[in-house]
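The lines below spell out each chain.
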Amino acid sequence: MALVRASEGVYSTSSAKDTERLGELIAPCLEEGDVLVLTGGLGVGKTHLTKGVARGLGDGHPVTSPTFALMAVHDGGRIPLFHFDLYRLQHAYELEDTGIYDVLGYEGACLLEWGEQFQDELTDEYLGVVISRVANTPDARRVELMPHGARAEKLAAAIDAAVCASVAGE
């Protein structure tokens, strides 16, 4: 099936490789200060999307979920990518120890796994990326972009245009 545009800002992927491909298409659209909040259950593909973003930015280093480190920095590409995994945090005051406030909305791009639980403490300007499983299809995923703020709307439109161009070129 591959990467498919279902509608504006809504995509289907049929494998982890396709989810990474979507990340590669997102990368050129990112600017310093962009924040993406990746939402979805355990094992749904948030880290695969991040792998694609890092690769699309030109960083060839391995990407794994920073579940225990809380933050990973991928700075070998066009702009730095700050990858946070906030799954283990229980309280908003724990955000202080992650270093998130040092970079959020300022340096590079931030991808926040499990960031939705602390949305009120983070930023009003972000692009929500909701990844969900497709029933009866183990490797298929639905990815929906949910912009919050003017920059996020421009980012979502740029991503949608990149996906359209990629799908049309296949």
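Values in this document were obtained by computation on a predicted structure and should not be read as measured data.

What counts as what
Residues numbered from 1 in each chain as written. Predicted model: local features only at pLDDT ≥ 70, side-chain atom pairs only at ≥ 80, totals over all residues. Heavy atoms only, no water. Pairing = 2+ DSSP bridges. Helix = DSSP H or I, 4+ residues; strand = E, 2+ residues; numbered from the N terminus. Axes fitted to C-alpha atoms, helices over the stretch in contact; angles between N-to-C directions. Contact = heavy atoms within 4.5 Å. Salt bridge = Lys/Arg side-chain N within 4 Å of Asp/Glu carboxyl O. Buried < 20%, exposed > 50% of the residue type's maximum accessible area, 1.4 Å probe, protein only.

Peer 1: Looking at this structure, how should I read the sheet that holds strand β2 (residues 10–13)?
Peer 2: Adjacent strands of a sheet form backbone hydrogen bonds with each other and so pair up, either parallel or antiparallel. Read across the sheet, 8 strands follow the order β1-β2-β8-β7-β3-β6-β5-β4 without closing on themselves; strand pairing throughout is mixed. Both edges of this open sheet fall to β1 (4–7) and β4 (71–74), since each of them pairs with a single strand only. Averaged over all adjacent pairs, the angle separating strand axes in this sheet is 20°, with direction ignored. As paired strands, strand β3 (residues 35–39) and strand β6 (residues 109–113) are joined by 4 bridges and run parallel to one another. Bridge pairing links Val-37 to Leu-112 in β6. Seen against the sheet, helix α1 (residues 16–26) touches β2, β3 and β8 (137–148) and runs at an angle of roughly 140° to β2. Helix α2 (residues 46–57) contacts β3, β5 (81–85), β6 and β7 (126–134) of the sheet and is inclined by roughly 170° relative to β5.

Peer 1: Help me out: how do you make sense of the pattern of salt bridges in this one?
Peer 2: Should their charged atoms come close, side chains of opposite charge can pair. In the structure shown here, the tally under the stated rule is 7 salt bridges. For the salt bridge of Arg-5 with Asp-160, the shortest nitrogen-to-oxygen distance reads 2.8 Å. You can see Arg-5 sitting in strand β1 and its partner Asp-160 sitting in helix α4 (residues 150–169), a full 155 residues away along the chain. The class of Arg-5 is partly exposed, set by a relative accessible area of 32%. For the salt bridge of Glu-24 with Arg-55, the shortest nitrogen-to-oxygen distance reads 2.5 Å. Note that Glu-24 is positioned in helix α1 and Arg-55 in helix α2, a separation of 31 residues in sequence. Its relative accessible area of 21% is what places Glu-24 among the partly exposed residues. Residue Arg-55 is classed as partly exposed on the basis of its relative accessible area of 41%. Each member of the salt-bridge network shares a partner with another, and the members are Glu-20, Arg-21, Glu-24 and Arg-55.

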